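# Descriptive structure summary
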Amino acid sequence: MNVDTDTPIASRQQPNRPTGVAILGCGSVSARYLRMLRHFSILEVLHCADLDPERAQRRVEEFGLGRPSTWQEVLDDPDVSIVVNLTPPSEHFATTEAALRAGKSVYVEKPLATDPEDARRLLALARESGLLLACAPDTVLGRGPQTAIAAVAAGEIGTPVHASASMLRSGPEIWHHDADFFYRPGAGPLHDMGPYYLSMLVHLLGPVTAVSAQNRISDRERVIARGPRAGERIEVGTPTVTAASLDFASGAIATLVCSFDAWAATSPHIELHGTAGSLVLPDPNLFDGPVRIARPGGGGVQDLPALPGYVYDRGIGVADLALALRTGGVPKADPALALHVLDVMHAAFLAAERRTTVEVHSTTTRTEPMPTDLSVYGWTGIADPDEDARLAKIR
C-alpha cells in the first residue's frame, strides 16, 4: 500500500553495514521477533528495552542479541536506525512519536495507535522528518497471503463479489499470564486480531468505504488461568465480540466477526467468492498455509501452487523496512494501510454505538508483490533443525 504523500527521504544508512535495531517492549511477542531477526544479516539488534529491566535482561540472555537498556539509551544511540515498538497498544502513539522525534524510523506492532487522529499525526511526523514508519501485521508479506493476493490479481476467481472472515477463539486470559491489556480500549478481539483479517481483506478487495457493526461484552470480568497471577480477576473494558459488515470501493462486500467468546470453531478464517470461483485462505495470523480454489464445472476444491516466499514468523516487516531505508523505498508493511485499517475498526465501534452505517474516508492502494528471492533482505536461512521444527509448529 503506498502512502499518498511524497516519497520519504532516503536513509543515511551505509549499505554495507547492518541496520541498527532496538526492541522496545520485551513481553511475550518480543521472543517471536528476536527469534527471527537474527536470521536477517541486514539487521543488527543493539538494544532490548523495557520498563522492567529484568524482562529485558531475560530476552538478551535468551537470544544473545543486543544489551538490556533504558528507553533513553535507545533514543540517544546514534547507531539505532529502527525502533521495533512492541509496547501495549495504549503506549504506541507516545513511544512511536518519541522515537521519530529522536530521529529513528519505527516498526510498530498493530494497531498503529488507538486513536486514528494520533495515527495521522505519526504519519505526518515521519514524513516531515524524512523518516520511515511501518506497522504490523507483516503476515500479509508471507507466502500464503502473497499466493492468494496474486491469484485474485490474476483473475483466478473473476471479479470478487463477497467475502466472509471469522476470528473465533477463547480469550487470551486462558494462555497469557498478563492478559489485562487485551481487555482495555484499543485492544479486544477487533483491535488485537482484526488487523490481520482486515489487512488481508483490503489487500484482496481494496479499501473499505463503509461499515455497520454490532458489539457485545459477554462478561465484565475475566480470570487469568495460568502463571503467577492465576485466579486473579481482570476487568473487561472493551467489547469481547464484534460483528461487522464492510462495503468496499471495488463493489465487493464482506462480513467480519472477531470474538474472544468462542470455545470451538469450524468456519474458515477467510473465504472469498467471485464470478468465476472461490478461494479459501489460511489463517491471516500466519505467514503460510494452503490457498484452496474451487471453480465452476466441478472438480472440487484444489490447492493452488504456492509462490516462493517467506514462511516463518514475525520479522520480515522489519527487514523490509531496513531495505526501504537503504533504497529510499516505501515499506511494504505500509502505515497508510495500518491507518486505513484503524479507521475501519474505529468506524465499526461508532457504527455499533450509533446503530447506523459509518463511512470510511481514508484510502490506500495495493503494494508491490514481495520479492521471491529473500536474499535481498539478508535472509540467511535456518540451519538449526530443532529451531526449524519449532517454527514449523507456528506455520
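Residues numbered from 1 in each chain as written. Predicted model: local features only at pLDDT ≥ 70, side-chain atom pairs only at ≥ 80, totals over all residues. Heavy atoms only, no water.

## Observations concerning the overall build of the protein
- Per the secondary structure count, the protein includes 10 helices and 17 strands.
- Projected onto the principal axes, the alpha-carbon positions of the protein cover approximately 60 × 50 × 45 Å.
- Each of the 395 residues in the protein was classed as buried or not, and the buried ones make up 54%.
- Here the contacts in the protein between residues at least 6 apart in sequence split such that 73% fall between residues at least 24 apart.
- As displayed, the protein offers around 16800 Å² of accessible surface, 49% of which is attributable to carbon and sulfur atoms.
- Placing the 35 positive and 47 negative side-chain charges of the protein at their respective mean positions leaves the two points 2 Å apart. (Helix = DSSP H or I, 4+ residues; strand = E, 2+ residues; numbered from the N terminus. Buried < 20%, exposed > 50% of the residue type's maximum accessible area, 1.4 Å probe, protein only. Contact = heavy atoms within 4.5 Å. Areas by Shrake-Rupley, 256 points an atom, 1.4 Å probe, with all protein chains shown as cover. Lys, Arg positive; Asp, Glu negative; His and termini not counted. Charge placed at Lys NZ, Arg CZ, Asp CG, Glu CD.)

## Considering the sheet that holds strand β4 (residues 82-85)
- One open sheet accounts for six strands, arranged β3-β2-β1-β4-β5-β6; its pairing is parallel. Each edge of the open sheet carries a strand with a single partner, namely β3 (67-69) and β6 (133-135). Direction aside, the axes of adjacent strands within the sheet are offset by 25 degrees on average.
- In this sheet, strand β2 (residues 43-49) lies alongside strand β1 (residues 19-24) in parallel orientation, the contact comprising six bridges. Counted as the bridge partner of Ile23 is Cys48 from β2. (Pairing = 2+ DSSP bridges. Axes fitted to C-alpha atoms, helices over the stretch in contact; angles between N-to-C directions.)

## A short note on the packing of helix α5 (residues 116-129) against helix α9 (residues 335-354)
- For the pair α5 and α9, the least separation of the axes is 9 Å and the interaxial angle reads 170 degrees. The angle between α5 and α9 places the two elements in the roughly antiparallel class. Touching Pro116, Ala119, Arg120 and Leu123 of α5 are Pro335, Ala336, Leu339, Leu342, Asp343 and His346, all from α9.
- When its residues are assigned to classes, the contact of α5 with α9 shows seven nonpolar, one polar and two charged. (Parallel < 35°, antiparallel > 145°, perpendicular 65-115°, else oblique. Nonpolar A, V, L, I, M, F, W, Y, C, P; charged D, E, K, R; others polar.)

## Describing empty space enclosed by the protein
- Counting across every chain of the model gives three cavities of 30 Å³ or more.
- Of the volumes computed, that of the largest cavity is approximately 100 Å³.
- As for the largest cavity, its lining consists of 16 residues, and the residues nearest its centre are Cys135, Ala136, Pro137, Ser199 and Ala338.
- Looking at the lining of the largest cavity, the elements with two or more residues in it are α7 (188-205) and α9.
- Residue composition of the lining of the largest cavity, grouped by class: 12 nonpolar, one polar and three charged. (1 Å grid on protein atoms, 1.4 Å probe; cavity = no way out; pocket = protein on both sides within 12 Å on 5 of 7 lines; lining within 4 Å. Points joined across faces, edges and corners; volume = space filled by probe spheres on them.)

## Digging into the sheet that holds strand β11 (residues 241-248)
- Read from one edge to the other, the open sheet built from nine strands follows the order β16-β15-β14-β13-β7-β12-β11-β8-β17, with strand pairing classed as mixed. Strands with a single pairing partner mark the edges of an open sheet, and in this sheet they are β16 (301-303) and β17 (358-359).
- Relative to strand β15 (residues 292-294), strand β14 (residues 277-281) is paired through three bridges, and the arrangement is antiparallel. Residue pairing for β15: Val280 is matched across the bridge by Arg292.
- Across the sheet, helix α6 (residues 143-153) is in contact with β7 (160-168), β13 (270-274) and β14; its angle to β14 comes to roughly 165 degrees.
- Against the sheet, α7 touches β7, β8 (208-216), β11, β12 (253-259), β13 and β14, its axis set at about 160 degrees to β7.

## Examining the environment of Trp379
- Here Trp379 lies in the loop between β17 and α10 (385-394).
- Judged by its relative accessible area of 17%, Trp379 falls in the buried class.
- Apart from the residues lying within four places of it in its own chain, the contact partners of Trp379 are Met36, His39, Phe40, Tyr310, Tyr312 and Leu374.

## Side note on the confidence of the model for the protein
- Scored by pLDDT, the protein has a mean of 92; 94% of the residues are at 70 or more.
- Confidence over residues 1-12 falls short of pLDDT 50; this stretch has 29 contacts with residues more than four positions distant or in other chains. (pLDDT = per-residue confidence, 0-100.)

## As for unusual backbone geometry
- With an omega of -10 degrees, the peptide bond between Lys110 and Pro111 qualifies as cis.
- Within the secondary structure layout, Pro111 lies in the loop between β5 (105-108) and α5.
- The amide bond that connects Ala136 to the next residue, Pro137, takes the cis arrangement and shows omega of 10 degrees.
- One non-glycine residue with positive phi stands out, namely Arg355, at about 55 degrees.
- Considering the arrangement of structural elements, one finds Arg355 in the loop between α9 and β17.

## Some thoughts on α7
- With 18 residues, α7 should cover 26 Å at 1.5 Å per step; its first-to-last C-alpha distance of 25 Å lies within 8% of that length.
- In α7, a bend of some 55 degrees at Gly194 exceeds every other bend along the element, and Pro195, a proline, comes one to four places later.
- Counting buried positions over the 18 residues of α7 gives 18, a clear majority of the element.
- Looking one or two residues past α7, Gly206 carries a phi angle of roughly 90 degrees, positive in sign. (Expected span 1.5 Å × (residues − 1). Bend = angle between axes of the 7 residues up to and from the residue.)

## Overview of the layout of surface pockets
- Looking at the largest pocket, its volume works out to about 1200 Å³.
- Lining the largest pocket we find 44 residues, and of these Gly27, Ser28, Val29, Leu86 and Phe181 sit closest to its centre.
- Elements that contribute at least two residues to the lining of the largest pocket include exactly α1 (28-37), α2 (53-63), α4 (92-101) and α7.
- By residue class, the composition of the lining of the largest pocket is 17 nonpolar, 12 polar and 15 charged.

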